[in-house]
Amino acid sequence: MPAVRQGRWTVQSWKERNMITRRNFLAAAGLASLSAAGLTACSGGSAGGDAKGAANLEVIWWGADDRAAITNSILAMYGKKYPGNTAKGQFLPFGDYFNKLNTLAASNSLPDIIQLNLPNLAAYVKNGLLLDLGDVDLGDYAKASLETGKIDGKLYGINFGYQYLTVMYNTELVTKSGLAVPKDPADWNAWGDFGVELAKKLGNGVYGMSDNSAESNTWASWLTSRGKGLFSTDGKLAHDEGDAVAWYQYWSGLRDRGAIAPGAESQTYVSNGGAAVDPLTTGKSVISMSPIVQFQGYQKVNKVPLGLAPCPTGPSGRGEVNAFFGWGISSKTKNPQAAKDFLNLWFTDPGAFKELGLDRAIPASKKQLDTVSQGATGAIKTMLGFMDSYTISPASQPASPPSIGSKVQDSLTRAAEAVLAKKLSPEQAGAQYFSEIKAAAGE
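Residues numbered from 1 in each chain as written. Predicted model: local features only at pLDDT ≥ 70, side-chain atom pairs only at ≥ 80, totals over all residues. Heavy atoms only, no water.

Below, the discussion takes up the overall build of the protein. When helices and strands are tallied, the protein shows 19 helices and 17 strands. Looking at the 443 residues of the protein, the share that counts as buried comes to 60%. Of the contacts formed within the protein by residues at least 6 apart in sequence, a portion of 77% connects residues at least 24 apart. (Helix = DSSP H or I, 4+ residues; strand = E, 2+ residues; numbered from the N terminus. Buried < 20%, exposed > 50% of the residue type's maximum accessible area, 1.4 Å probe, protein only. Contact = heavy atoms within 4.5 Å.)

Here you go:
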């Protein structure tokens, strides 16, 4: 299949395979606990217009103050481009976001424009809460990335762009070790061996790798590289207990070999995730794995320059996955065209591109990528240089079954914590994880 050139790297439009991404795409989805009755009870939009017919849009997203500043700037652009219209936003930390969103849904108060991730997209579509966005003007936005927002052939969400797993590393500690970062392509074992050698060379309580055994994006990439996945396009499980056992054996083996910190030192990160508590940030590890879109956040809280390397390979190749993370519009909005106009601005306007940078994703628009590249410095320059260095082919992740929602992340974390505490062997942890997921999937 011919590759489609997207700016500075090649993206191949693969047929859908069976993947998903990090705990900030799966965790705290919350919809599993909101009944279908509660969802479908929503019958009215949140934002209206004044007597003159002006649109007053409400927008909601998760993130911190820096993301809010970027988003609010684009909301102001919308008001200037469409005089008389307004777009006002609210944001919450990720951990609080979905509880708030579900409360709004149940009280018939969903905002017009909603930031969603993959499990939420599927659940909201199932319950008739999202508008078909097939007629939104997206400029040169890549068709390959659009596939992630489609369910049953209709576009219900527009992905912010591309997100795929990368290896992030502390450049100063790598230099201090005298070792060289594994050359691409490097498989999971090569990165594990590198972590072992780093720990031996550096000593003094510095480990080679962070424990990513509870990270759903890393788990998804592991499965992809083995020719497996979380779900198939028909909503069935696309992996088995043996895959889960091998996963926990991999991380437990690295712990036994001294590549990653023992239980107590890894507990906070395994249980919670996030750049702030990652041992990479605290100086206790050299390597961690995370979606490339999170590199800016990691670099912001790390005191030394970080490097980037491609995600590990496996028997079936590299484990790159592109899952949905983007905007949807409430099907109950009183201003559908005004909401679509906002998305048009977000995905096609050069001024919006300059504000966005690489905050939410690697752009799926060549025009947007070229705009971001002009005068790039710091973490953005590092990301762009990395993207120039090799060819990627992220596969689209089919929407996860609404009945499962956050179950994958929850089960993955519980099993990882039990192995860390030596309450379960890797074999028992794999069996526990798969039993829970299989039950949730009704298989």
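Alright, that's what it looks like, and here's the rest.
With that out of the way, let us pick up the pairing of strand β11 (residues 285–291). Most of β11 sits inside the fold, with seven of its seven residues counted as buried. Relative to β11, strand β9 (residues 165–170) runs antiparallel, the two being bridged by five bridges. For Met168, the partnering residue across the bridge sits in β11 and is Ser288. Here two bridges tie strand β10 (residues 207–209) to β11, and the two strands are oriented parallel to one another. Following the sheet pairing, Met209 is matched in β11 by Ile287. (Pairing = 2+ DSSP bridges.)

It is worth spelling out the packing of aromatic side chains at this point. The relative placement of two aromatic rings is captured by the distance of their centres and the angle of their planes. Evaluated as defined, the whole model comprises 23 aromatic pairs. When the ring of Tyr78 is compared with that of Phe342, the centres are 5.9 Å apart and the planes differ by 75°; the resulting orientation is edge-to-face. Linking Tyr78 in helix α3 (residues 65–81) with Phe342 in helix α14 (residues 336–348), this pair joins segments that are 264 residues apart in sequence. Considered together, Tyr78 and Phe342 belong to a single accessibility category, that of buried residues. Centre to centre, the rings of Trp191 and Phe194 are 6.0 Å apart; their planes meet at 75°, and the pair counts as edge-to-face. Placement of the pair is Trp191 and Phe194 together in helix α8 (residues 188–202), with a separation of three residues, close to one helical turn. Owing to a relative accessible area of 2%, Trp191 belongs among the buried residues under this scheme. Phe194 sits in the buried class, given a relative accessible area of 6%. For the cation-ring pair, Arg360 lies above Phe160, with the distance from its terminal atom to the ring centre recorded as 5.2 Å. (Phe/Tyr/Trp six-rings, centres within 6.5 Å; stacked < 30°, edge-to-face > 60°. Lys NZ or Arg CZ within 6 Å of the ring centre and 35° of its normal.)

Read from one edge of the open sheet, five strands run β4-β3-β5-β16-β8, paired in mixed fashion. Of all the strands in the sheet, the pair left with one neighbour each is β4 (86–92) and β8 (158–159). Judged from the seven bridges that link them, strand β3 (residues 56–62) and β4 form a sheet pairing that is parallel. Across the sheet, residue Asn56 finds its bridge partner in β4, namely Thr86. Lying on the sheet, α3 is in contact with β3, β4, β5 (113–117) and β16 (325–329); it crosses β3 at an angle near 160°. (Axes fitted to C-alpha atoms, helices over the stretch in contact; angles between N-to-C directions.)

As a further point, take the nonpolar core. Judged by nonpolar contacts, the single largest core of 82 residues is most densely connected at Leu101, Ile113, Ile158, Trp327, Phe342, Leu343 and Phe347. Broken down by element, the residue count for this core peaks at seven residues, all from α14. Here this core gathers at least three residues from each of two domains, domain 1 (56–162 + 323–388) and domain 2 (165–319 + 403–441). Setting aside anything within four residues of it in sequence, one finds Leu343 in contact with Ile113, Leu133, Val136, Ile158, Trp327 and Ile329. (Core = buried A, V, L, I, M, F, W, Y, C linked by side-chain atoms within 4.5 Å. Domains from an automatic or database assignment.)

Packing of helix α9 (residues 216–225) against helix α10 (residues 241–256) brings their axes to within 11 Å, and their N-to-C directions diverge by 115°. Seen along the crossing, α9 lies across α10 with a hand that is right-handed. Taking contact as the criterion, the partners of Thr218, Trp219, Trp222 and Leu223 in α9 are, on α10, Asp243, Ala244, Ala246, Trp247, Tyr250 and Trp251. Classifying every residue of the contact of α9 with α10 gives eight nonpolar, one polar and one charged. (Left-handed = near helix turned anticlockwise from the far one by under 90°. Nonpolar A, V, L, I, M, F, W, Y, C, P; charged D, E, K, R; others polar.)

Moving on to the pattern of salt bridges. Evaluated as defined, the whole model comprises 15 salt bridges. Ionic pairing is found between Arg318 and Glu320, a salt bridge with its closest N-O pair at 3.3 Å. Owing to a relative accessible area of 17%, Arg318 belongs among the buried residues under this scheme. A salt bridge links Arg414 to Glu436; its shortest N-O distance comes to 2.9 Å. Placement of Arg414 in helix α18 (residues 407–420) and of Glu436 in helix α19 (residues 426–441) is noted, with a sequence separation of 22 residues between them. In this structure Arg414 comes out as partly exposed when scored by relative accessible area, which is 41%. Linked by salt bridges that have partners in common, Arg226, Lys228, Asp240 and Asp243 make up one network. (Salt bridge = Lys/Arg side-chain N within 4 Å of Asp/Glu carboxyl O.)

Further remarks concern the side chain of Asp341. Tracing the backbone through its elements, the reader meets Asp341 in helix α14. The buried charged residue Asp341 lacks any salt bridge, with Lys81 as its nearest oppositely charged partner at 7.9 Å. Residues contacting Asp341, with those up to four places away along its chain left out, are Tyr78 and Tyr82. (Lys, Arg positive; Asp, Glu negative; His and termini not counted.)

Another aspect to go through is the sheet that holds strand β12 (residues 306–310). If you trace the four strands from one edge of the open sheet to the other, you get β10-β11-β9-β12, paired in mixed fashion. Bordering the open sheet on either side are β10 and β12, each of which pairs with just one other strand. Going from strand to strand, the sheet's axes swing by 25° on average, the running direction of each strand aside. Sitting on the sheet, α8 touches β9, β10, β11 and β12, and the angle it makes with β10 is about 165°.

Attention shifts here to unusual backbone geometry. With an omega dihedral of 0°, the bond running from Asp184 to Pro185 counts as a cis peptide bond. Tracing the chain through its elements places Pro185 in the loop between α7 (171–177) and α8. Despite not being glycine, Asn204 has its phi angle at roughly 55°, a positive value. Look at Asn204 and you get exposed, because its relative accessible area is 76%.

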